[in-house]
Amino acid sequence: MGEKKQKPIVLTGMQPTSAIHLGNYLGALKNWVAIQGEADCLFFVSDMHAITVPQDPNQLRKNSIDCTAAYLACGLDPGNSHIFIQSQIIGHAELAWILGCLAPLGQLERMTQFKDKASRQTGEFVGAGLLYYPALMAADILLYNAHLVPVGEDQRQHLELTRDLAEKFNGIYGPLFNVPEPLIRGGCARVMSLQNPTAKMSKSDPNSLATVFLSDTDDQIMKKFRSAVTDSGAEIRASDEKPGIQNLLNILSGVCGKSIPELEANYAGVGYGKFKTTVAEAVIGCVRPIRERMETLKKDSQYLWDVLENGRMEAQARANALMAKVYGRIGFVRRADL
Ligand code: ATP
Ligand code: LTN
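Nothing here was measured: the structure is a model prediction, and the numbers come from that model.

(A) Region of the structure containing the packing of aromatic side chains. Within this structure, the stated rule accounts for 8 aromatic pairs. Ring centres of Trp32 and Phe43 lie 5.2 Å apart, and the angle between their planes is 5°; this geometry places the pair in the stacked category. Separated by 11 residues along the polypeptide, Trp32 in helix H1 (residues 22-35) and Phe43 in strand S2 (residues 40-45) bring together distant segments of the chain. Per residue, the accessibility class of Trp32 equals that of Phe43, and both read buried.

(B) Inspection of the packing of helix H4 (residues 92-102) against helix H8 (residues 156-173) at higher detail. Remark: H4 packs on H8, axes separated minimally by 10 Å, with the N-to-C direction vectors making an angle of 85°. The angle between H4 and H8 places the two elements in the roughly perpendicular class. Where H4 approaches H8, its residues Ile98, Leu99 and Leu102 are matched on the opposing element by Leu165, Lys168, Phe169 and Ile172. The residue inventory of the contact of H4 with H8, partitioned by class, reads 6 nonpolar, no polar and 1 charged.

(C) Here's a closer look at the pairing of strand S1 (residues 9-14). The buried fraction of S1 is high, at 5 of 6 residues. The pairing of S1 with S2 spans 6 bridges and is parallel. If you follow Thr12 over to S2, its bridge partner there is Phe43. Regarding topology, H1 serves as the crossover connection from S1 to the parallel S2, and that connection is right-handed.

(D) Geometry of the site of ligand 1. Lining the immediate environment of ligand 1, one finds 22 residues, of which His21, Asp154, Val191, Lys200 and Ser202 sit closest. Residue Gly23 places a main-chain N or O atom 3.3 Å away from a nitrogen atom belonging to ligand 1. Here an oxygen atom of ligand 1 and a backbone polar atom of Gly152 are 2.8 Å apart. Here ligand 1 has 600 Å² of accessible area as a free molecule, and 96% of this is covered by the chains. Ranked by residue count, the leading element in the shell around ligand 1 is H1, at 4 residues. Looking at side-chain class alone, the shell around ligand 1 contains 7 nonpolar, 10 polar and 5 charged residues.

(E) Broad picture of the side chain of Gln121. The topology assignment puts Gln121 in the loop between helix H6 (112-120) and helix H7 (128-142). On the accessibility criterion, Gln121 (14% relative accessible area) is buried. Ignoring any residue separated from it by four or fewer positions in sequence, one finds Gln121 in contact with Val53, Pro54, Val126 and Leu130.

Definitions and limits used
Here, residues in each chain are numbered from 1, in the same order as that chain's written sequence. As they are written, the chains are lettered A onward and the ligands numbered 1 onward, keeping that order. In view of the model being predicted, local features appear only for residues whose pLDDT reaches at least 70, and side-chain atom pairs are presented and counted only at 80 or more, with totals across whole chains, interfaces and linings using the full set of residues. Each side-chain value is derived from all of the structure's non-hydrogen atoms; neither hydrogens nor water enter the calculation. Only rings of Phe, Tyr and Trp enter the pairing, Trp through its six-membered ring, and a pair is recorded when the two centres are within 6.5 Å. The plane angle decides the type: under 30 degrees is stacked, over 60 is edge-to-face, the rest tilted. Helix numbers and strand numbers start at the N terminus; a helix is a DSSP run of H or I with at least 4 residues, a strand a run of E with at least 2. Relative accessibility decides the category of a residue: with a 1.4 Å probe and only protein chains considered, values under 20% of the type maximum give buried, values over 50% give exposed, and everything between is partly exposed. A fitted line through C-alpha atoms serves as each axis, taken over the contacting stretch for helices, and the angle formed by two N-to-C directions is quoted from 0 to 180°. Orientation is classified from the angle alone, with under 35 degrees giving roughly parallel, over 145 giving roughly antiparallel, 65 to 115 giving roughly perpendicular, and any other angle giving oblique. Contacts are assigned to residue pairs with any non-hydrogen atoms lying within 4.5 Å of each other. Three categories are distinguished: nonpolar for Ala, Val, Leu, Ile, Met, Phe, Trp, Tyr, Cys and Pro, charged for Asp, Glu, Lys and Arg, and polar for the others, with Gly belonging to the last. A pair of strands is treated as paired once DSSP finds two or more bridges between them. Looking down the strands as they point away from you, a crossover is right-handed if its path from the first strand over the helix to the second goes clockwise. Nearness of a residue to a molecule or strand requires only that one of the residue's heavy atoms be within 4 Å of it. Counted as a polar contact is a pair of N or O atoms within 3.5 Å, where, for protein atoms, one must be capable of donating a hydrogen and the other of accepting one, and residues adjacent in sequence contribute only when both atoms are in side chains. All accessibility values rest on the Shrake-Rupley procedure with a 1.4 Å probe; residue burial counts only the protein chains present in the view.

And the structure:
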């Protein structure tokens, strides 16, 4: 009998720093849902990454549960995938420490996200966790020996570092880790802010009109799109000189599945005001059922807890098996519980 082909291991996560937004959905979650039938999937809530910038403890706990509800509402299937919370697994921090010892300081200091987030901590101190963030992310991935990591474009550099660290470890201590590939789907890999279409849509944007959350009401979504910043022209065309319209076309394409050229042809001659309303209506049609499922799920805390507990047990078993090997390679004295 031929050997059964192993499915690729897919792992990814999101930070519970606030509610999930349209960029997270179109750039990340939607792709996670699409891949889950074809792979051995692990999806987690990265609460340990979230505390690299200050978080209110009660809010963080709530956001982690809400993030789980959002995963399920968007279509992640706990029957198919393992869903868990990063801080509940022993191994992420331990492996991060080991990988951090292999990571060149200069490479960590050059990370775009580190420089961005550190510069935004005006008036606050910059915690070393922000610098160490990519080592923890590499640990998340290598702890489960993932083959594929679906992320948005902004995470590409972190994946490069993860690959470097896997190769470095394998080179020094002998082959152990798969060298993971990023899975970055074009199209909506970068949804931009509705108020500043040259910056990515972000959870932490102080301008409340910039980001559409999956928890927003229909009216809030309509208001945000109607006040979206566009240029002074009148043509519905995707071009670098028209980042606002390009972003709206990109969002509409992500939501309705039509290509940008097809949409440009459909909306030729339509005014910006009408076009914004059209995009808003399409987004409302996509977000409303997700919001409604999220609300139902949030009322069933026992179900959410069961999903997370099943995920935790599976993830912990895998993490223990891998860490036993890592500790052996490194030269740590064997731990009886691994
Ligand atoms: P923050 O803005 O606080 O840094 P975030 O919105 O980037 O947070 P993350 O948890 O860091 O959220 O990202 C979760 C996933 O969503 C990642 O795969 C990331 O690449 C993707 N993502 C985040 N923002 C966007 C965006 N604007 N467009 C497309 N994908 C995005
Ligand atoms: N840094 C990621 C979230 C994240 C992640 C991971 C993604 C933390 N650990 C491991 C993929 C694999 C982000 O999207 N901001």
